[in-house]
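Below, each chain spelled out in residue letters.
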Amino acid sequence: MNTPAQPAMTLSELADEHEEKMLHELNSKLPAKSVLFGMADGKIEIANGNATLAANPGKVFLMGEDKRLPKMPDKPQLIDFLRLRMASTMHLLQSARHARKAGLPEKIVLACLLHDIGVVGFIRCDHGYWGSQMIEPYVDEEISWAIRAHQALRFYPDESVGYTYPDQYIKLFGADYKPEPYIEHAYKEALKHKWYMTSRMITVYDVYSFDPNTHVELEEFEDIIGRHFKQPKEGLCWDNTPSSHMWRTLNWPSRFL
Ligand SMILES: [Fe+2]
Ligand SMILES: [Fe+2]
């Protein structure tokens, strides 16, 4: 049986479509690429603003949201960032579930849930430091301290809790990788710290090999987030804390300035 042909668009429909496309193009702003984004491709370069404008007559640079990315609410909270700006949260959710099942205090479960937000939402290098700094104004100091310290602790075993150097790291970094002196220094300092075990628990419940068959929903931890992560009424980005700029950058990463 023949399916009836789609009726062709009328001239006026075509004109409307064309006009809409033009309008969209006129309204679309030019996203800017930071130097850091190019460095990951081995390039140190920045586009010349005026040359880019000259090549795109009628346009201006983006100074707000990037419409190619999922739309964020006006007053975004942690959950919105986890849902709309993190490349993947399954590793974090699996780690947090392990910690919760083991009966660890809620503070540590939250630390496990957020321990790698630096990696999945921002930048890999020194992810423990970046991630800790992002959340510092909103959580108990013990949580942000533990997230910062896990960056170093994960490279060092602790037999007392059954933590060994992850096989995954041999695979990822090679058998001859030795942590740099600043990591070793941070490890030694952490060892003496009153919250050492909190950070150590992050490494114990870290899921070093990702399990594709375990699916965990963020809803499972909404209660813990509600109790232990301050939700500013203005939204993250607009609450004027020492890390608000980091959330804003994550909100609109291609803003010109
Ligand atoms: Fe980590
Ligand atoms: Fe991790």
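Residues numbered from 1 in each chain as written. Chains lettered and ligands numbered in written order. Predicted model: local features only at pLDDT ≥ 70, side-chain atom pairs only at ≥ 80, totals over all residues.

### Here we look at the overall build of the chain
Looking only at helices and strands, one finds 14 helices and zero strands in the chain. Ordered by position from N to C terminus, the α and β elements of the chain give α-α-α-α-α-α-α-α-α-α-α-α-α-α. Here the C-alpha radius of gyration of the chain, 23 Å, is well above what a compact globule of 257 residues would show, namely 18 Å. Principal-axis analysis of the C-alpha atoms gives the chain an extent of 75 × 55 × 45 Å. A total of 257 residues make up the chain; the buried ones form 27% of that total. Partitioning the contacts of the chain with sequence separation of at least 6, the portion at a separation of at least 24 is 73%. (Helix = DSSP H or I, 4+ residues; strand = E, 2+ residues; numbered from the N terminus. Rg over C-alpha atoms; globule rule 2.2 N^0.38 Å. Buried ≥ 20, exposed ≤ 12 C-beta atoms within 10 Å, placed from the backbone. Contact = placed C-beta atoms within 7 Å.)

### Points about the domain arrangement of the chain
Here the chain is described as being made up of domain 1 (11-55) and domain 2 (78-251). Between the C-alpha centres of domain 1 and domain 2 the distance comes to 35 Å. (Domains from an automatic or database assignment.)

### Observations concerning the nonpolar core
Formed by 42 residues in total, the largest nonpolar core has its most connected members in Ala-96, Leu-110, Ala-111, Cys-112, Leu-113 and Leu-114. Contributing elements (two or more residues each) for this core: helix 4 (78-84), helix 5 (90-101), helix 6 (106-114), helix 8 (127-135), helix 9 (141-153), helix 11 (181-191), helix 12 (196-205) and helix 14 (244-251). When sequence neighbours within four positions are dropped, the list of residues in contact with Ala-111 reads Ile-143, Ala-146, Ile-147, Thr-198 and Ile-202. (Core = buried A, V, L, I, M, F, W, Y, C linked by C-beta atoms within 7 Å.)

### Re helix 8
A large share of helix 8 lies buried, amounting to seven of its nine residues. For helix 8, the set of buried residues is His-127, Gly-128, Trp-130, Gly-131, Ser-132, Met-134 and Ile-135.

### Topic: the environment of Asp-116
For Asp-116, the location among the structural elements is in the loop between helix 6 and helix 7 (117-121). Judged by C-beta crowding, with 25 C-beta atoms within 10 Å, Asp-116 ranks as buried. Sequence separation of Asp-116 and Pro-137 is 21 residues, and the distance between their C-alpha atoms is 17 Å. Here Asp-116 is in contact with His-91, Leu-92, His-127 and Gly-131, once residues within four sequence places are set aside.

### Some details on the environment of Lys-33
Relative to the assigned elements, Lys-33 resides in the loop between helix 1 (11-27) and helix 2 (35-39). For the pair Lys-33 and Phe-256, spaced 223 residues apart in sequence, the C-alpha to C-alpha distance is 7.9 Å. Lys-33 has contacts with Gly-38, Ala-47 and Ser-254, leaving out every residue within four places of it along the chain.

### Topic: the packing of helix 8 against helix 9
At their nearest, the axes of helix 8 and helix 9 sit 7 Å apart, and the two run at 170° to each other. The pairing of helix 8 with helix 9 is recorded here as roughly antiparallel in orientation. Facing helix 8, whose interface residues are His-127, Gly-128, Tyr-129, Gly-131, Ser-132 and Ile-135, helix 9 presents Ser-144, Ile-147, Arg-148, His-150 and Gln-151. Considered class by class, the residues forming the contact of helix 8 with helix 9 number three nonpolar, seven polar and one charged. (Axes fitted to C-alpha atoms, helices over the stretch in contact; angles between N-to-C directions. Parallel < 35°, antiparallel > 145°, perpendicular 65-115°, else oblique. Nonpolar A, V, L, I, M, F, W, Y, C, P; charged D, E, K, R; others polar.)

### A few points about unusual backbone geometry
Unusually for a residue other than glycine, Asp-126 sits at a positive phi of about 55°. Residue position: Asp-126 is located in the loop between helix 7 and helix 8. Looking at Asp-126, the number of C-beta atoms within 10 Å reads 15, which means it is partly exposed. Even without being glycine, Cys-237 reaches a positive phi, approximately 100°. Inspection of the secondary structure assignment puts Cys-237 in the loop between helix 13 (222-228) and helix 14.

### Considerations on helix 6
Of all nine residues in helix 6, seven are buried, a share of seventy percent or more. Buried residues of helix 6: Ile-108, Val-109, Leu-110, Ala-111, Cys-112, Leu-113 and Leu-114, and no others. Turning to helix 6, the residues buried within the fold contact helix 5, helix 7, helix 8, helix 9, helix 12 and helix 13.

### What to know about the environment of Glu-180
Looking at the element boundaries, Glu-180 is found in the loop between helix 10 (167-173) and helix 11. Spatially, the C-alpha atoms of Glu-180 and Ala-152 are 9.7 Å apart, while their sequence positions differ by 28 residues.

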